[in-house]
Every structure is written in structure tokens, then in C-alpha cells.
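# Descriptive structure summary
Okay, here's what each chain looks like letter by letter:
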Amino acid sequence: MIAVYVSGHGFGHSTRTAEVLRAVRKRAPELPLTVITSAPSFLFEGVVAPPLEIRRVECDVGLVQKDALVIDEAATAARWREFAAGWDDLVEAEAEWLRASGARLVLGDIPPLAFAAAAAAGVPSMGLGNFSWDWIYGHLAPREPALGEAAALAREAYGRAALLLRLPFAGDLGAFPRVEDVPLVARRPELSREEARGRLDLGTEPVVLLSFGGPGLPGIDLGAYGGLDGYRFLLTGHSGDGAAPSNLRKLDGGELEAAGLEYTDLVGAADVVVTKPGYGIVTDCIGAGTPLVYTDRGYFPEYPILSREMKRYIPAVHATNDEVRHGRLGSALDAVRAMPLPGRPRIDGADVAAERLLAQLV
């Protein structure tokens with residue numbers, strides 16, 4: 001059995017790990033897999049075929065967000081203090097579970113708990129990621145000193161990993177004693193662009209997907225988007241207040257499910273995605289070949305790396321938070337649609353990672 005610990009921060013950790021587990025399942029149809037996470041179960045169920053178990057455990061604190069674009073640093077430090085108070089008991093409880101379950105390998109993306117518990121249980125562990133929490137918390141520590149303790153604990157745990165599979169868009173991952181690079185892990189649409197657009201009756205106008213993940217963007221001025229003539233907008237998640245203009249359509253998960261669409265199909269159906277840059281949505285756009293307009297996401301060290309490196313793979317234009325919140329995106333949308341698509345990169349990282357994980361079990 002492989003035990004897989006996944007951060008509950010954002011969806012990107014879960015979606016890329018699920019792709020790796022899907023590739024594992026193709027090669028090992030009967031291998032038991034257990035995902036330990038606080039992320040929504042639907043990110044794994046239906047993606048990874050059985051035998052699959054999901055255990056609901058808060059594996060890490062991540063970052064507390066005020067909304068999709070703003071980090072609440074003080075709340076993050078407060079939540080860390082609460083989490084740290086039960087750290088030793090949590091590590092021991094997970095180590096006991098690993099021993100009792102017969103786990104042969106632990107994969108972590110990228111909670112320190114995965115590696116601390118694996119070491120306590122005597123089980124080898126591997127990491128998957130493009131950043132680690134010691135780097136993130138160390139960046140924030142001068143502003144929130146408690147996060148310096150979080151960074152130190154994470155570094156110690158990461159130092160016990162046998163190997164890190166390092167993804168592109170990587171930050172400082174020096175806490176891991178051994179590192180191997182793998183290509184992008186990226187999801188691809190299941191349906192053609194034409195089929196996905198037809199199922200949602202999107203017509204021929206350029207379609208812009210406003211994508212702000214789980215936290216959403218409650219303060220976005222929906223009415224302002226009505227002034228962007230010639231564009232049709234799709235909005236998902238908890239974003240926006242008040243009535244939507246005629247050129248903006250709110251979509252919920254039920255509507256997508258009824259149309260037989262996955263979120264990647266929605267990305268593929270769009271002419272442009274407007275978002276904050278995170279690994280999940282950026283690689284979804286790369287996998288679909290969909291240009292993006294991106295905005296700032298607060299004091300987060302992954303941002304400059306993603307905003308710089310993603311332009312090698314996908315057309316991308318910057319817009320300010322204010323322009324996104326108030327629908328002043330006409331020039332950015334026109335500019336990104338006029339840019340050529342760069343050469344397609346390797347996006348077979350899930351297959352490469354799956355082969356490496358299974359080799360560890362031999």
C-alpha cells in the first residue's frame with residue numbers, strides 16, 4: 001500500500017497528485033492507495049480507480065486566505081500555533097496507523113507530517129512538489145515570527161525524506177537531501193474544445209473563464225464586466241455579489257456535472273482564463289493550450305517564479321488586482337489573444353513520477 005499525504009492548501013496539490021495516482025493505477029491495477037488529506041474527496045474519487053481509501057486528516061496548515069488574492073498572515077500564524085501544539089501526538093498517531101496499515105511507501109505533496117510520520121514508522125518516504133512549506137514560512141517569518149518555528153519544523157521533517165520528485169516552477173527545495181527532476185504534471189481536457197462549448201451552448205463569442213479557486217473572489221464587481229463588449233464570461237466558485245450582467249454566466253459544480261464536463265474541459269473551452277497564478281490552474285492552461293491573464297496574489301514567494309516561468313509555455317499577460325476586481329481587462333484580453341502559443345512542453349510528469357514510485361516498491 002502507498003500512503004499519500006496531500007496538503008489541503010488550494011487544489012493544485014490534490015489535482016497533480018491525483019494525476020500521478022491515476023498513472024500509478026494504470027500500471028498497478030490492484031495496488032491499494034490511501035490518500036490522507038483535508039482537501040475535498042472529489043478531487044481524487046472518479047480520477048483514481050479503486051482500490052482507493054481517503055482518510056480525512058488535517059495534514060498541514062498551509063496559508064489562511066482572506067480571498068483568492070490576499071493572504072491572512074496573522075491568521076496563518078495563529079493556526080500554526082494551534083496545529084503545532086498537537087504535533088507530537090499527530091506524528092505518533094500517523095506513525096501507528098502507517099505501521100498497522102502495512103504501508104510500504106509514503107508520498108507527500110507536501111505536508112511535513114508525511115515525512116515525520118514515515119520516519120517514526122520506519123517507512124520510506126518520497127516528496128512531490130515545486131515548493132515546500134519551510135521556504136514559504138521562512139519568507140513570511142520576518143513579518144510573522146511564529147512562522148520561523150513552522151519553517152524549522154518543516155525543514156527537519158523534509159530532511160527525513162528518501163527523495164523529492166521536483167516539479168518545474170520550483171522554489172528553494174534545499175531541505176530535501178536528495179532531489180530528482182520530473183516534467184510538468186498537467187491535466188488535459190477530456191473533451192474537444194468544440195464539444196465542451198457545445199454542451200454549454202457558448203456560441204462563437206470569445207469566452208473568458210474567471211477562475212479563483214476555493215476561496216473565490218467575493219469582492220469582484222460583476223456589473224463592471226458587462227462593459228466588456230464582445231466577450232462572454234464564465235465564473236465558478238464563491239465569487240462576486242449581486243446580479244450578473246447578461247454577458248456573464250455563473251456556473252456551479254452541478255451544472256458542469258449535468259453537462260458531463262470536468263473543470264479541465266471548461267479551461268479547454270475558454271479562449272482566455274483570468275486567474276491568480278498557482279501550479280494547478282497554470283498547468284491546466286498549459287495542458288489545454290489556453291492563454292491566461294494573471295494577477296498578483298499577495299506576499300507569496302512562488303508568485304514571481306510562476307509569473308516568470310509560465311510564459312515559456314503559455315501566452316500570459318499581467319493585470320492588477322484592481323483591474324480584475326473592477327472588470328478593466330479589455331486591453332489585457334486583447335493582448336493575450338494576439339500572442340502566439342509557444343512550443344508545447346513535456347507534460348508527462350505523472351507517468352515519470354508513477355514509474356519512480358513503483359520502482360521504490362520493488
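Described below are features of the structure shown in this document.

Scoring rules and cut-offs
- Starting from 1, residues in each chain are numbered consecutively following that chain's sequence as written.
- Given that the model is predicted, a residue must reach a pLDDT of at least 70 before its local features are reported, and side-chain atom pairs must reach 80 or more before they are shown or counted; all residues, however, enter totals for whole chains, interfaces and linings.
- Heavy atoms from the whole structure form the basis of all side-chain values; hydrogens and water molecules are not counted.
- The salt bridge criterion pairs a side-chain nitrogen of Lys or Arg with a carboxyl oxygen of Asp or Glu, the two atoms within 4 Å.
- Residue burial is assigned from relative accessible area. The probe radius is 1.4 Å, only protein chains are included, and a residue is buried under 20% of its type maximum, exposed over 50%, and partly exposed in between.
- Interaxial angle, 0 to 180 degrees, is taken between N-to-C directions of lines fitted to C-alpha atoms, where a helix line uses only the stretch in contact.
- A helix here means a DSSP run of H or I that spans at least four residues, while a strand means a run of E at least two residues long, and both kinds are numbered starting from the N terminus.
- Here the angle decides the label: under 35 degrees means roughly parallel, over 145 means roughly antiparallel, 65 to 115 means roughly perpendicular, and every other value means oblique.
- Helix crossings fall into two classes, left-handed where the near helix is turned counterclockwise from the far one by less than a right angle and right-handed where it is turned clockwise.
- Residue contacts follow a heavy-atom distance rule, with two residues in contact if any of their heavy atoms lie within 4.5 Å.
- Gly falls in the polar group here, along with every residue not listed as nonpolar (Ala, Val, Leu, Ile, Met, Phe, Trp, Tyr, Cys, Pro) or charged (Asp, Glu, Lys, Arg).
- In these notes, a set of buried Ala, Val, Leu, Ile, Met, Phe, Trp, Tyr and Cys residues joined through side-chain atoms within 4.5 Å is what counts as a nonpolar core.
- Note on pairing: DSSP must find at least two bridges between two strands before they are called paired.
- By the criterion used throughout, a crossover qualifies as right-handed when its path from the first strand across the helix to the second strand runs clockwise, the strands pointing away from the viewer.

### Regarding the pattern of salt bridges
One pass over the full model with this rule turns up 22 salt bridges. Here Glu 156 makes a salt bridge to Arg 160, at a shortest N to O gap of 3.6 Å. A relative accessible area of 45% places Arg 160 in the partly exposed class. Counted as one network, the salt bridges with shared partners bring together Glu 19, Arg 22 and Glu 190.

### Some points on the packing of helix α5 (residues 133–140) against helix α6 (residues 146–158)
One can describe the packing of α5 onto α6 by two numbers: an axis separation of 8 Å at closest approach and a directional angle of 160°. Relative to α6, α5 is oriented roughly antiparallel. Viewed along their axes, α5 and α6 form a crossing whose handedness is left-handed. Across from Trp 133, Asp 134, Tyr 137, Gly 138 and Leu 140 in α5, the residues of α6 making contact are Leu 147, Ala 150, Ala 151, Ala 154, Arg 155 and Tyr 158. Partitioned by chemical class, the residues of the contact of α5 with α6 number 8 nonpolar, 1 polar and 2 charged.

### Some remarks on the nonpolar core
By size, the foremost hydrophobic cluster in this structure holds 114 residues, and its most contacted members are Ala 3, Tyr 5, Leu 98, Phe 169 and Leu 292. Tallying contributions element by element places α6 first for this core, with 8 residues. Each residue touching Ala 3, except ones within four places of it in the same chain, is listed here: Thr 34, Ile 36, Trp 97, Leu 98, Ala 103, Leu 105, Val 106 and Leu 107. Counting 24 residues, the second largest nonpolar core, distinct from the first, contains Ile 220, Leu 235, Val 293 and Leu 333.

### Things to note about the pairing of strand β7 (residues 125–129)
When you tally the buried positions in β7, you get 5 out of 5 residues, the bulk of the element. Because side chains alternate across β7, one face comprises the buried residues Ser 125, Gly 127 and Gly 129, and the other comprises Met 126 and Leu 128, equally buried. Note: strand β6 (residues 105–109) against β7, 3 bridges, orientation parallel. Its bridge partner lying in β7, Val 106 is registered against Ser 125. Running through helix α4 (residues 112–121), the crossover from β6 to the neighbouring parallel element β7 is right-handed. Pairing of β7 with strand β8 (residues 163–166), which is carried by 4 bridges, proceeds in the parallel orientation. Directly across from Gly 129, in β8, lies its bridge partner Arg 166.

### Regarding the environment of Gly 349
Topologically, Gly 349 is positioned in helix α14 (residues 349–361). You can call Gly 349 buried: its relative accessible area is 0%. Taking the C-alpha atoms as reference points, Gly 349 and Asp 181, 168 residues apart in sequence, are found 9.3 Å from one another. Other than its neighbours up to four places away in sequence, Gly 349 contacts Pro 183, Leu 184 and Val 185.

### A few points about helix α10 (residues 279–288)
Buried residues dominate α10, accounting for 9 of its 10 residues. Taken residue by residue, α10 has Tyr 279, Gly 280, Ile 281, Val 282, Thr 283, Asp 284, Cys 285, Ile 286 and Gly 287 as its buried positions. As for α10, its buried residues are in contact with α1 (12–27), β10 (207–211), α9 (263–269), β13 (272–275), β14 (292–294) and α11 (302–309). Phi turns positive one or two residues past the end of α10, at Gly 289, with a value near 70°.

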